[in-house]
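Structural overview for review
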Amino acid sequence: MDWIIPAVNLKLILPEIVVCLFAILILVTDPFLSKERKIWSAHLSWIAVVIAFIANIRLWNLQEATFTNMFLVDNYATFFKFIFLAGSFLIILISMSYLKREEILHGEYFSLILFSTLGMMLLASGFDLVVIFLGLEIMSVSLYVLAGFKRSDLASNEASLKYFLMGAFATGFLLYGIVMIYGSVGSTNLGQIINHITSNDAGSNLLIWAGAGLLLVGFGFKIASVPFHMWVPDVYQGAPTPITAFISAGPKAAGFAALLRVFLFSFTTIKMDWTMIVWIMAALTMSVGNIVALAQSDIKRMLAYSSIAHAGYVLVALVAGGETGVSSALFYLLAYTFMNIGAFTVVIALGRKGQDNTKLEDYSGLGSRSPILAILMTIFLFSLAGFPPTAGFMAKFYVFGSAVKSGFTGLVIIGVLNSLISVYYYLRIVVLMFMQAPVTRTDNERIKVAFCAILVLIISTWAVLQMGIFPQSLLSLAQASVSSIF
Amino acid sequence: MNFPILSLMTFIPLLGMVVILFTKEGQDKLVRYLAAFFTFIPLVLSFILLSRYQGSTSQIQFVEKFDWIPSLGITYFMGADGLSVPMLFLTALLGFLSVIYSFGDIKEKVKQYFAFLLLLEVGMMGVFSALDFFLFYIFWEIVLVPMYFLIGIWGHGRKEYSAIKFFLYTLFGSLFMLIGILALYFNVEPHTLNIMVLIEKTPLLTRSFQLLTFAAFFVAFAVKVPIFPFHTWLPDAHVDAPTAVSVILAGILLKMGTYGFLRISYPMFPQGAMYFAIPIAILALINIVYGALVCMAQKDLKKMIAYSSVSHMGYCMLGIAAVTVTGISGCVFQMVSHGLITGALFLLVGVLYERAHTREIGAFGGLWIKLPVYSGLMILFCLGSLGLPGMSGFISEFMVFIGSYPAFKVIVPLAVIGVVITAAYFLRMIQAMFLGTFNTKWEGLSEISAREIFTVVPLAILMIGIGVFPSPLANMIKATVENIVHLAVR
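About the criteria used
Within any chain, residue numbers begin from 1 and follow the written order of that chain's sequence. Chain labels run from A onward and ligand labels from 1 onward, assigned in the order the entries are written. Whole-chain, interface and lining totals are the exception, using all residues; otherwise, since this is a predicted model, local features are given only for residues with pLDDT of at least 70 and side-chain atom pairs are given and counted only at 80 or more. Computation of side-chain values: all heavy atoms of the structure, hydrogens and water removed. Strands here mean DSSP runs of E at least two residues long; helices mean DSSP runs of H or I at least four residues long; both are numbered from the N terminus. Atoms considered for the radius of gyration are the C-alpha atoms alone. The globule rule reads 2.2 Å times the number of residues to the power 0.38. Note on classification: 1.4 Å probe, protein chains only; a residue is buried when its accessible area is under 20% of the maximum for its type, exposed when over 50%, partly exposed between these limits. Here a residue-residue contact requires only that any non-hydrogen atoms of the pair lie within 4.5 Å. Per-residue accessibility takes into account occlusion by the displayed protein chains alone, with areas from the Shrake-Rupley method and a 1.4 Å probe. For the purpose of counting charges, residues Lys and Arg are taken to be positive, whereas Asp and Glu are taken to be negative. His and the chain ends are not included. Lysine's charge is taken at NZ, arginine's at CZ, aspartate's at CG and glutamate's at CD. A residue counts toward a patch only above 30% relative accessible area and without a salt bridge, and it is joined to like-charged neighbours within 9 Å or, for Val, Leu, Ile, Met, Phe, Trp and Tyr, to nonpolar neighbours within 5 Å. Salt bridges are counted wherever a side-chain nitrogen of Lys or Arg sits within 4 Å of a carboxyl oxygen of Asp or Glu. Helix span, as expected, comes to 1.5 Å for every residue beyond the first. Delimitation of the domains relies on an automatic or database domain assignment. Summed over both partners, the accessible surface that disappears when two parts come together, traced with a 1.4 Å probe, is what is meant by buried area. Polar contact is the term for a pair of N or O atoms within 3.5 Å; when the atoms are in protein, one must be able to donate a hydrogen and the other to accept it, and sequence-neighboring residues count only if both atoms are side-chain atoms. Any residue outside Ala, Val, Leu, Ile, Met, Phe, Trp, Tyr, Cys, Pro, Asp, Glu, Lys and Arg is labelled polar, Gly included; the first ten of those are nonpolar and the last four are charged. In the cavity and pocket records, a cavity denotes points on a 1 Å grid over the protein atoms alone where a 1.4 Å probe fits but cannot get out, a pocket denotes an open set with protein on both sides within 12 Å along at least 5 of 7 lines, and lining residues are residues with an atom within 4 Å of a point. Grid points are joined across faces, edges and corners, and a volume is the space filled by probe spheres set on the points. Throughout, an axis means a line fitted to C-alpha atoms (over the contacting stretch in the case of helices), and angles, computed between N-to-C directions, take values from 0 to 180 degrees. Working rule for angles: under 35 degrees goes down as roughly parallel, over 145 as roughly antiparallel, 65 to 115 as roughly perpendicular, anything else as oblique. Crossing handedness is defined as follows: a turn of the near helix away from the far one that is anticlockwise and smaller than a right angle gives a left-handed crossing, while the clockwise case is right-handed. When the centres of two rings from Phe, Tyr and Trp lie within 6.5 Å, Trp using its six-membered ring, the rings pair. Their planes under 30 degrees apart give stacked, over 60 give edge-to-face, and anything left gives tilted. Pairing between strands is defined by DSSP: at least two bridges between the two strands are required.

Glancing now at the overall build of chain A. Helix and strand content of chain A: 19 helices and 2 strands. On C-alpha atoms alone, chain A measures out to a radius of gyration of 22 Å, which is about the 23 Å that the 2.2 N^0.38 rule sets for 486 residues. Each principal axis of the C-alpha atoms in chain A carries an extent, and together these give about 70 × 55 × 40 Å. Looking at chain A as a whole, 65% of its 486 residues are labelled buried. For chain A, long-range pairs separated by at least 24 residues make up 81% of all intrachain contacts whose partners lie at least 6 apart in sequence. Carbon and sulfur atoms provide 69% of the accessible area of chain A, an area that totals close to 16900 Å². Where the 27 positive side-chain charges of chain A centre and where its 23 negative ones centre are 8 Å apart.

Quick look at the structure:
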């Protein structure tokens, strides 16, 4: 029996190789670092991300598959990898001071972040359901551990366990879906699936339907859409705050990367049939996320529900479909990454050792205690609320525009009313910061922000304003990213 | 290249805001002078705008047009015509005067206050000069943010409640405008957001589309005007806002609504204008009569003037709904006139409140004996507001009635009742506060200061000037109004 070793173009997976090798390197070297030098692991990890980013730039405008057509590099994947790497870079920067403060600075943390990033990158590039599954698992397993990284904190342990149990269910659904599709098509390759669906009358094929439905459930967990969102609030609240920011940015975008690719590429010919279900999911996700966020008294929980709502807006783009739909989703996820990480950075900056200060009351009077932090937080919140001239507005404009274009005006009206609701809870924090006196507190000391966190704040603010006022360059990038999947 | 006068008027206050934010904490005096300086330049520019403007044509003038986001067909397109020039002048004037008034009024967080006031001017100037929908929408929304903070931080009473109510109401409306904009964008070939191009193409769209989009824009503008039943944010916001902010709110923000109707809704959707003529006229009638009746019942002076705005903006809507040259001219006159008069009234209420710390009409009496100059000014503007001939309010209301009577033969006579009620509540207020026996409790009140007089005198001059010589303003808007009517009855 002859084994044919498939030709592999290693250049295409160079970013993944870099991230993976550095993750292993950190694991190996970390035990040999003395306690004062643990921070070197952090430096190694952001260097890895930067190198991968540069390697990724060289893949732009390339469209090539390797590993027997299982791994595809196209602009769509490359664009998503930019989002993941940028997100991970910012998260690594804000983690350094946080971990020092909480005295949990261990190298594994950074190694796990890199592994998780690796998983996301596989998700974006996966052209085969098995690779997508693999990516999802690499990403998720790392995240389960990261959510529980504050070992001595019960809430963090709870978050980890909940996330793991729910995630395991989701994985089960996803895998079952893959199996069903394999059973019907005889292959897990996305290209084969679309060929099979187009050539046969797939509308009557129950296996395809069940498979697509189960895939939607599996991805629905990862992107936290209603009704698969139950894990979100507890996990977001319990996890260490940088990890909360991380989960809300990269993995969500990665879930969407796979979801959009599978549904708009492989299942595109039966789009009419699944659109209605996603329509309902989008409407529910936006509404439930926003309405429940109104009632929260903890900012991490509030941002958790708001992140559910934002997933709903991106689902609107999925419903819209077409080139504008996908490019608007890409733009939205990019904008969301920056504004959300920005907001979480302010949340982290307000914390003290062993005391997160995430109650909403902790924000009262921030405008006089630390005007700059308060102003930046206001910019991020206005952007999350979708207010011009910020990235959030431009992104919503684009998403809703694509939905109107495809004729889903009803969904857009629901979305628009939802942004109105969201304004209320985002503004409540602004009211607290600027219009109310600080609650008398014991530690009225000045808020010190670490250098790395300042850097993150500068980058996020710049990105939020750049994408809001002069979005042209990033818009064309997003538009250039989508042609390959149609 | 032309001199970018509109961009300068719009963005010089923004520059001022940045400069003010970089001043050191505690230099309140410097901040005040900077704010005055950076609102004075737009005022000077607005005089240039007035003198350079060619009233003989309805062409857009002072055009600035650049590509901004080419992949979505969005341009940076600024321009002015006979509708926007008076509004831009009014914005520059009231912006400057409210800064001057705030010199004495605001004592806390001075730096932030003036920064927000300047940002507010950026938004307003932009709304009146943007001719690209995207740009228009952005300026429209930018106005909300500083307004929200100005009411919420420096206001009185239930200020947080009023601020967020104002914000949510207006945002509710403008989000429908966003849907309307998106719908227009995708239904016109080639896709564009250029308002001028859209005006040419939209009448070709189907009737039902026109009606729906008209309705979407109607919600946005109606909240701003405000038209009954969307008016409930107005009394709260006006009463709780600091004086200078009430002036801008009444003087300019409300006009953004009517400006939107005249700039966008009517020229763009002639079918909608025709279909909704009667309902809008009825709502205008409710505004006029109901607003005036509510004024009768007010004990708080500021609240009374706030509701009088509801009533007065009703005249604007009545003039618009008729779609005649006289009616719409009357509306534009009323926009200017109401800006001048109600602006001045809010300033004067602020003057009294600063001294007496109450605004209750019944608490005063015989003030004329103690404060002759103040009372004289107040009575002058009250008479202007109730439409005494010789002042701008009379001209505008008269034109609105003449212009709309042919279209609404039942509604207009009913609306005239509003004029009578208006006279009644203003005279009742004058009598209660300024005439009669002097309430000795107010022995210690000081007369209006020179700076405060300075803020209202320009408004009085313009009010009487327009009332006696309406022709300069009439000539300026004539061609544009004729064009709007021509477009709206296609």
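Within chain B, the secondary structure is distributed over 20 helices and 2 strands. Against the compact-globule benchmark of 23 Å for 490 residues, chain B has a radius of gyration of 21 Å, which places it among compact chains. Taken along the three principal axes of its C-alpha coordinates, chain B extends 70 × 60 × 40 Å. Out of the 490 residues in chain B, the part that is buried amounts to 67%. Considering only contacts within chain B whose residues lie at least 6 apart along the sequence, 82% involve residues at least 24 apart. Accessible surface computed for chain B: about 15900 Å², of which carbon and sulfur atoms make up 68%. Averaging the positions of the 28 positive and the 23 negative side-chain charges in chain B gives two centres separated by 3 Å.

On the surface, A:Leu21, A:Ile24, A:Leu27, A:Val28 and A:Phe32 cluster together into a nonpolar patch covering about 520 Å² of accessible area. Within the secondary structure layout, A:Leu27 lies in helix α1 (residues 14-29).

All names here are of chain A. Over its 15 residues, helix α16 (residues 391-405) extends 21 Å from the first C-alpha to the last, a length consistent with the 21 Å expected when each residue adds 1.5 Å. Most of α16 sits inside the fold, with 14 of its 15 residues counted as buried. Note on α16: the residue one or two positions beyond its end, Gly 407, has a positive phi of about 90°.

Before going further, it helps to spend a moment on the domain arrangement of chain B. A common way to report how large an interface is uses the accessible area buried once the components associate. Residue and element names in this part refer to chain B. The domains assigned to chain B are domain 1 (1-275) and domain 2 (276-490). Measuring from the centre of the C-alpha atoms in domain 1 to the corresponding centre in domain 2 gives 22 Å. In this complex, domain 1 contributes 59 residues to the contact, which on the side of domain 2 involves 56 residues. Overall, the association of domain 1 and domain 2 removes approximately 4900 Å² of surface from exposure, summing both partners, and the carbon and sulfur fraction of that is 76%. Connecting domain 1 to domain 2 are 0 salt bridges. Counting the contacts that link domain 1 with domain 2 gives 17 residue pairs in polar contact (both at pLDDT 80 or more). Where the side of domain 1 that touches domain 2 is concerned, the elements lending two or more residues are α3 (84-105), α7 (195-201), α8 (207-224), α9 (233-240), α10 (243-268) and α11 (270-275). With 14 residues, α3 is the single largest residue contributor to the side of domain 1 that touches domain 2. Residues of the side of domain 1 that touches domain 2, tallied by class, amount to 41 nonpolar, 14 polar and 4 charged.

Here we come to the side chain of B:Ser309. The residue B:Ser309 is located in helix α13 (residues 301-322) in this model. Taking the relative accessible area as the measure of exposure, B:Ser309 reaches 0% and is therefore buried.

Let us look at the interface of chain A and chain B. Contacts between chain A and chain B engage 34 residues on the former and 32 residues on the latter. Summing both partners gives a buried area of about 3000 Å² for chain A against chain B, and 86% of it is carried by carbon and sulfur. Counting the surface chain A buries against chain B, the share from its top three residues, A:Phe387, A:Phe397 and A:Met435, is 21%. Taken together, the connections running from chain A to chain B amount to 0 salt bridges. One can count 4 residue pairs in polar contact (both at pLDDT 80 or more) joining chain A with chain B. At the level of secondary structure, the elements contributing two or more residues to the side of chain A that touches chain B comprise α15 (371-384), α16, α17 (409-435) and α19 (472-480) of chain A. A total of 13 residues in the side of chain A that touches chain B trace back to one element, the largest contributor, which is α17(A).

Its volume calculated, the largest pocket comes out at about 1800 Å³. Taken together, 49 residues form the lining of the largest pocket, with A:Ile375, A:Ile379, B:Met17, B:Leu21 and B:Leu119 sitting closest to its centre. Secondary-structure elements contributing two or more residues to the lining of the largest pocket are α14 (366-369), α15, α17 and α18 (451-469) of chain A together with α1 (5-21), α4 (110-129) and α5 (133-154) of chain B. A total of 9 residues in the lining of the largest pocket trace back to one element, the largest contributor, which is α5(B). Here the lining of the largest pocket is built from residues that sort into 37 nonpolar, 8 polar and 4 charged.

A few words now on the packing of α1(B) against α4(B). Residues and elements named next belong to chain B. Contact geometry for α1 and α4: axes closest at 8 Å, N-to-C directions at 165°. In terms of orientation, α1 lies roughly antiparallel with respect to α4. Judged by the twist between their axes, the crossing of α1 over α4 is left-handed. In this structure, α1 contributes Leu 6, Met 9, Thr 10, Phe 11, Pro 13, Leu 14, Gly 16, Met 17, Ile 20 and Leu 21 to the contact, and α4 contributes Lys 111, Phe 114, Ala 115, Leu 118, Leu 119, Glu 121, Val 122, Met 125, Gly 126 and Ser 129. Of the residues contributing to the contact of α1 with α4, the split by class is 14 nonpolar, 4 polar and 2 charged.

Turning our eyes to something else, we now look at unusual backbone geometry. All names here are of chain A. Here the residue pair Val 226 and Pro 227 is connected by a cis peptide bond, since its omega of 5° sits within 30 degrees of zero. Mapped onto the elements of the fold, Pro 227 is located in the loop between α8 (206-223) and α9 (231-238). Phi at Phe 67 is positive, roughly 50°, even though this residue is not glycine. Take Phe 67: it is sitting in the loop between β1 (64-66) and β2 (71-73). For Phe 67, a relative accessible area of 29% translates into the label partly exposed.

With that settled, the discussion passes to the packing of aromatic side chains. Inspection of every chain in the model, using the stated rule, returns 65 aromatic pairs over all chains. Centre to centre, the rings of A:Phe382 and B:Phe167 are 6.4 Å apart; their planes meet at 40°, and the pair counts as tilted. Of this pair, A:Phe382 sits in helix α15 while B:Phe167 sits in helix α6 (residues 159-187), on two different chains. Judged by its relative accessible area of 9%, A:Phe382 falls in the buried class. Residue B:Phe167 is classed as buried on the basis of its relative accessible area of 0%. Between A:Phe393 and A:Phe397 the ring centres are 5.8 Å apart and the planes differ by 45°, which places this aromatic pair in the tilted class.

Turning our eyes to something else, we now look at the pairing of strand β1 (residues 61-69) of chain B. Residues and elements named next belong to chain B. Where β1 meets strand β2 (residues 74-80), 6 bridges bridge the pair, whose relative direction is antiparallel. Paired with Phe 66 across the strands is Tyr 76, a residue of β2. The hairpin formed by β1 and β2 contains 4 residues between the paired strands, and Gly 73 there has a positive phi angle of roughly 70°.

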